[in-house]
Amino acid sequence: MNRQYFSNWYHSGSNSGASKGVSIWIRKNVPFPIMEMCVDSEGRYLFIKGKLGNSMLTLGNIYASNKEQTPWLLEVLKRLSQLTKGTLILGGDFNVDLNPLMDTSSGRSSLRFQTLVKLTSICSLQLDDVWRTLHPSVKDFTHYSTPHNSHQIIDYILIPITHIQHCNSSSIISQVLSDHSLVELTYSIPFSPHATRCWRLNGLQLKSSQNVGKIKRHLAEFFEAKDNGEVSLQTLW
């Protein structure tokens, strides 16, 4: 990209070398004041939160390790959930295929089944793969893995399921100078915030022992106050 078109660019790099690093570039004619930023010292992720017009926007870029991807992703997504406000757009190299049947030329994953099951926890943030949603039956790939002799999609742009309707288009663009293809998204940011049409519990919250303890205390207090023998079980529950 030509830097003359971007007045603000943010970077997360590693002191251990140039093998890791992620960036987010904001075009110079886009007024996007940054309100909060989270930078990984190892160059694995970068999150920024700001305001565009009257809409809050959270942008994230990640570069996952090629080992222990699942626990790393879950921990990073937990941190991201604490920062996120407004529309979330998360992209980057996840170093794992989220849908092995469609996202690999071989139709199988190098990860164990138990690991793939854990990856479904990404849905706890209600995140959806934009390109796959818009191209449900198309096979295209962003990377070729020599060790696995397989083409894969491991580069994704994820957004909340409830914001999919604002996605105009998404495409995979082959690159010559890189072993990864570019994933492109055209998104119309709603300047009049829409009410969320469905609610789901963020499953990551239940991994906190503090939250679980608080829920148990509230339930105990509720049943102690309401279960007086005069209220039917149907009404009580």
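Further up the page is the structure itself.
Report follows, based on the coordinates. Here the structure is a predicted model, which means the values were calculated and not measured.

Focus on the sheet that holds strand E7 (residues 127-129)
- Reading across from one edge, E3-E4-E5-E6-E10-E7 is the order of the six strands in this open sheet, with mixed pairing throughout. The sheet terminates laterally at strand E3 (34-39) and E7, the two strands that pair on one side only. Across this sheet, the average inter-strand angle for adjacent strands is 20 degrees, counted without regard to direction.
- Sheet strands in contact with helix H1 (residues 69-83) are E3, strand E4 (45-52), strand E5 (55-63), strand E6 (87-93) and E7, and its direction is about 25 degrees off that of E4.

Here we look at unusual backbone geometry
- For Asn95, which is not glycine, the phi dihedral falls at a positive 55 degrees.
- With respect to the secondary-structure elements, Asn95 resides in the loop between E6 and helix H2 (100-103).
- You can call Asn95 buried: its relative accessible area is 19%.

Quick look at the environment of Ile164
- Among the structural elements, Ile164 can be located in the loop between strand E10 (155-160) and strand E11 (167-173).
- The buried category is assigned to Ile164, whose relative accessible area is 17%.
- Linking Ile164 and Leu134, residues 30 residues apart in sequence, is a C-alpha distance of 9.1 Å.
- Once you skip the residues sitting within four places of it in the chain, Ile164 turns out to touch Asp128, Val130, Thr133 and Ile159.

Thoughts on the pattern of salt bridges
- What the rule picks out here adds up to three salt bridges.
- Between Glu36 and Lys49 there is a salt bridge, with the nearest N and O atoms lying 3.1 Å from each other. Taken together, the residues span a long stretch of sequence, with Glu36 in strand E3 and Lys49 in strand E4 at a distance of 13 residues.
- Taking relative accessible area as the criterion, Glu36 reaches 38% and is therefore assigned partly exposed.
- Note that Arg79 and Glu75 form a salt bridge whose closest N and O atoms lie 3.5 Å from each other.

Structural notes on H1
- Compared with the 21 Å implied by 1.5 Å per residue over 15 residues, the 21 Å span of H1 between its first and last C-alpha is a close match.
- All of the buried residues in H1 are Gln69, Thr70, Leu73, Leu74, Val76, Leu77, Leu80 and Leu83.

Section: a nonpolar patch on the surface
- Side chains of Trp199, Leu201, Leu206, Ile215 and Leu219 sit close together on the surface and give an oily, nonpolar patch of about 540 Å² of accessible area.
- Inspection of the secondary structure puts Ile215 in helix H5 (residues 209-226).

Definitions and limits used
Residues numbered from 1 in each chain as written. Predicted model: local features only at pLDDT ≥ 70, side-chain atom pairs only at ≥ 80, totals over all residues. Heavy atoms only, no water. Pairing = 2+ DSSP bridges. Helix = DSSP H or I, 4+ residues; strand = E, 2+ residues; numbered from the N terminus. Axes fitted to C-alpha atoms, helices over the stretch in contact; angles between N-to-C directions. Contact = heavy atoms within 4.5 Å. Buried < 20%, exposed > 50% of the residue type's maximum accessible area, 1.4 Å probe, protein only. Salt bridge = Lys/Arg side-chain N within 4 Å of Asp/Glu carboxyl O. Expected span 1.5 Å × (residues − 1). Patch = residues over 30% accessible without salt bridge, like charges linked within 9 Å, V, L, I, M, F, W, Y side chains within 5 Å. Areas by Shrake-Rupley, 256 points an atom, 1.4 Å probe, with all protein chains shown as cover.

As far as function goes, none of this settles anything; it's purely spatial.
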